[in-house]
Amino acid sequence: FYSRLFVDSSPDLALSIHPGDVISTYLYLLQNYQPKLSDQLLFVLESRNINISTISRLVVDFSSHFYSPLKFVPSETRFAWLTRSSMTIIRKFGFILSTTSRIALSTSLRPTPPTFFNTVHNEFSAMTAATRLKVRTALDELGEDGSFKRTDSAWRNWISREEGAQFPPENDRYHLYVAYACPWAHRTLLTRAIKGLEDVISVTVVMPEWQRTKPEDPSDSHCGWVFADPEGGTRVNSIGLGGPFPSSYPSNHPDPHLGAKSVRELYEKVGDTFGKYTVPILFDKQTKTIVSNESAEIIQMLNSEFNHLAKYPNLDLAPKDLEDAMAEVDKWVYPDINNGVYRCGFAKSQKAYDKAIDELTEAFDKLEALLSKQRFVAGDQFTLSDIRLFVTLIRFDEVYIVYFKTNTRSVATSPALLNYCREIYQMPGVKETVNMAQIKYHYYCSHPDLNKYSIVPRGPDFERLLKMPHDRDNADAARKRKLSLESE
């Protein structure tokens, strides 16, 4: 009601409304991912001498009073989290529901009987966990038409060499939590290896098969990444079938910093109880908090901010002269290829699937044509755009064709794409980041809705094809000769 009143009608009306209601409407718009509409209310808040810091402080006070898991966090730390950006307030603390926040924030700014807060507190506490907080996974990110809608990452801080930066690049200060299985996490492993940062940034690899993250709570059905447990027994999938899976592999280890049993618990230990609980996580060992969980930004940091510590400081994976070309290719590779396979696999309607597979097929053919003419996707130099693409392509034939129904094309039957993947796979440090067994275990054993008994197909041994020689050097030389002759 207030959203329509302030935005659809006239924001000037908000000047006559109680500031608590204006603030809660602003929060509501943010919570529903309406930043453009919420910006229209900023001038109203400012005209009432209410700024983002004030909003953040109210949210801090509210969350401290009503949401006990945050009480262990020092108030100044909570305040710092909440004031980094207005969108972060809602993304991290989605438990502030529109109705409850409207009542609580309004009462915090107007005289009310002291018993009122107790009433709100009792009502809030009476809500079930499912109503108060929806812990999400990728399987929950669906539009009304059954299409897959990926939600943005919430932790978006930046490691920077600028003087006074909150997170400066330092040797052995940062830690990556990753999964071999996850393509988004694989991006960060690849960039770390290619830049030669293995001795600078430490890594923990989580287990490939999702498990229930609160197994002691029968009402909590969330499943997600868990850490290795060398003392544990065998496991089955989240509905008690499949397996048995070991509780530890040689390359997977327990959480070395917070002692968390799951990635969800790690997030909760740093105050994030909203979810979704994803990898990669770039973690600051000094302040014991998450710097970023956005892979696209983490790989940029690894490329540019640690050069004074990297083995290959002169290798620039995002050169200025290719910025436009990278942006242009990323613009369609991400939605149609990287995320396109998930749009196919997680679609809940035929219409949504048909749209996704048509767009993926068209983009696949576009890539095959592009890489028949040039060595890499942004030109003749290997860039972050190639890293983003490679991690999807190496999973395509073994997983996505079967599991996500992307069977209109394959890398193995696409000469340019196969040769392209071979060259990248054979670059120093790359193949060590590829664990095809864990890639397959994750996808086929983590989603009982898609594979009830967690049967893992044997597959075509696509990695064997990647180990065969490529002729990219000869093909590149031939293209250059052709261009030279044409120019004459």
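Right, let's walk through the structure included here. Because the structure is a prediction, the values reported are computed rather than measured. (Residues numbered from 1 in each chain as written. Predicted model: local features only at pLDDT ≥ 70, side-chain atom pairs only at ≥ 80, totals over all residues. Heavy atoms only, no water.)

### Quick word on the overall build of the chain
Looking only at helices and strands, one finds 21 helices and six strands in the chain. Across the 488 residues of the chain, 54% fall into the buried class. At a minimum sequence separation of 6, the contacts of the chain that also span at least 24 residues come to 71%. (Helix = DSSP H or I, 4+ residues; strand = E, 2+ residues; numbered from the N terminus. Buried < 20%, exposed > 50% of the residue type's maximum accessible area, 1.4 Å probe, protein only. Contact = heavy atoms within 4.5 Å.)

### Concerning the packing of aromatic side chains
What describes a pair of aromatic rings is the distance from one ring centre to the other and the angle between the planes of the rings. Summed over all chains, the structure comprises 21 aromatic pairs. Residues Trp210 and Trp225 carry aromatic rings whose centres are separated by 5.9 Å and whose planes lie at 85° to one another, so their mutual orientation is edge-to-face. Here Trp225 lies in the loop between strand 4 (223-224) and helix 12 (263-269) and Trp210 lies in the loop between strand 2 (202-205) and strand 3 (211-212), a separation of 15 residues in the sequence. We classify Trp225 as buried; its relative accessible area is 6%. Judged by centre distance (5.3 Å) and plane angle (10°), the ring pair of Tyr400 and Phe404 falls under stacked. Phe404 matches Tyr400 in its accessibility class, with the two residues each being buried. (Phe/Tyr/Trp six-rings, centres within 6.5 Å; stacked < 30°, edge-to-face > 60°.)

### Describing the nonpolar core
Side chains of nonpolar character tend, in soluble globular proteins, to be buried together. If you look at the biggest cluster of nonpolar residues, it comprises 99 residues, and the most contacted ones within it are Trp225, Val263, Val411 and Tyr420. The biggest single contributor to this core is helix 17 (residues 384-403), with twelve residues. (Core = buried A, V, L, I, M, F, W, Y, C linked by side-chain atoms within 4.5 Å.)

### Some remarks on helix 13 (residues 295-304)
Across the ten residues of helix 13, eight count as buried, placing the element largely inside the fold. Considered for burial, the residues of helix 13 that qualify are Ser295, Ala296, Glu297, Ile298, Ile299, Met301, Leu302 and Asn303. On its buried side, helix 13 packs onto strand 1 (174-178), helix 11 (183-195), strand 5 (281-284), strand 6 (289-292) and helix 17. A side-chain oxygen of the first residue of helix 13 lies 3.0 Å from the backbone nitrogen of Ala296; this N-cap is Glu294. (Polar contact = N/O pair within 3.5 Å; in protein donor to acceptor, adjacent residues only side chain to side chain.)

### Points about the sheet that holds strand 2
The mixed open sheet is built from four strands, whose spatial order is 2-1-5-6. Either end of the sheet is taken by a strand with one partner, and the two such strands are strand 2 and strand 6. Each neighbouring strand pair of the sheet contributes to a mean axis angle of 35°, computed without reference to strand direction. Pairing analysis gives four bridges linking strand 1 to strand 5, with the strands arranged antiparallel. Bridge pairing in strand 5 links Tyr177 to Ile281. Contacting strand 1 and strand 2, helix 11 crosses the sheet at an angle of about 135° to strand 1. (Pairing = 2+ DSSP bridges. Axes fitted to C-alpha atoms, helices over the stretch in contact; angles between N-to-C directions.)

### What about helix 17?
Counted at 1.5 Å a residue, the expected span for helix 17 with its 20 residues is 28 Å, and the 27 Å between its end C-alpha atoms agrees. If you look at helix 17, its biggest bend is around 75°, right at Phe396. Taken across its 20 residues, helix 17 has 19 buried, putting it largely inside the fold. Phi turns positive one or two residues past the end of helix 17, at Lys405, with a value near 60°. (Expected span 1.5 Å × (residues − 1). Bend = angle between axes of the 7 residues up to and from the residue.)

### Focus: the packing of helix 17 against helix 19 (residues 436-446)
It is at 11 Å that the axes of helix 17 and helix 19 come closest, and there the two elements cross at 20°. The pairing of helix 17 with helix 19 is recorded here as roughly parallel in orientation. Taken as a pair, helix 17 and helix 19 cross one another with a handedness that is right-handed. Taken together, the residues of helix 19 that come into contact with helix 17 (itself represented by Ile394, Arg395, Glu398, Val399, Tyr400, Val402 and Tyr403) are Met436, Ile439, Lys440, Tyr443 and Tyr444. Of the residues belonging to the contact of helix 17 with helix 19, the class tally is nine nonpolar, no polar and three charged. (Parallel < 35°, antiparallel > 145°, perpendicular 65-115°, else oblique. Left-handed = near helix turned anticlockwise from the far one by under 90°. Nonpolar A, V, L, I, M, F, W, Y, C, P; charged D, E, K, R; others polar.)

### Some thoughts on the packing of helix 11 against helix 17
The axes of two packed helices give the description: the angle between them and the distance between them. Close contact between helix 11 and helix 17 brings their axes to 9 Å; oriented N to C, the two are set at 130°. Here helix 11 lies oblique to helix 17, going by the angle between them. Every pair of crossing elements has a handedness; the one defined by helix 11 and helix 17 is right-handed. Of the residues in helix 17, those touching helix 11 at Pro183, His186, Arg187, Leu190, Thr191 and Ile194 are Leu384, Ile387, Arg388, Phe390, Val391, Ile394, Arg395 and Tyr400. Looking at the contact of helix 11 with helix 17 residue by residue, the class counts come to nine nonpolar, two polar and three charged.

### What about the pattern of salt bridges?
For the coordinates displayed, the defined rule picks out 22 salt bridges. With a shortest N-O distance of 2.7 Å, Asp365 and Arg409 are connected by a salt bridge. Of the two residues, Asp365 is situated in helix 16 (residues 350-373) and Arg409 in the loop between helix 17 and helix 18 (415-425); the sequence distance between them amounts to 44 residues. For Asp365, a relative accessible area of 35% gives the class partly exposed. Arg409 sits in the partly exposed class, given a relative accessible area of 30%. A salt bridge links Glu423 to Arg472; the shortest N-O distance between them is 2.8 Å. Pair noted here: Glu423 is in helix 18 and Arg472 is in helix 21 (residues 472-487), with a separation of 49 residues, a long-range link. Since its relative accessible area comes to 9%, Glu423 is described here as buried. Judged by relative accessible area, Arg472 falls into the buried class, the value being 4%. A single network of salt bridges, built from pairs that share partners, joins Lys214, Asp220, Arg264 and Glu268. (Salt bridge = Lys/Arg side-chain N within 4 Å of Asp/Glu carboxyl O.)

Spatial relationships are all this shows, so hold off on functional conclusions.
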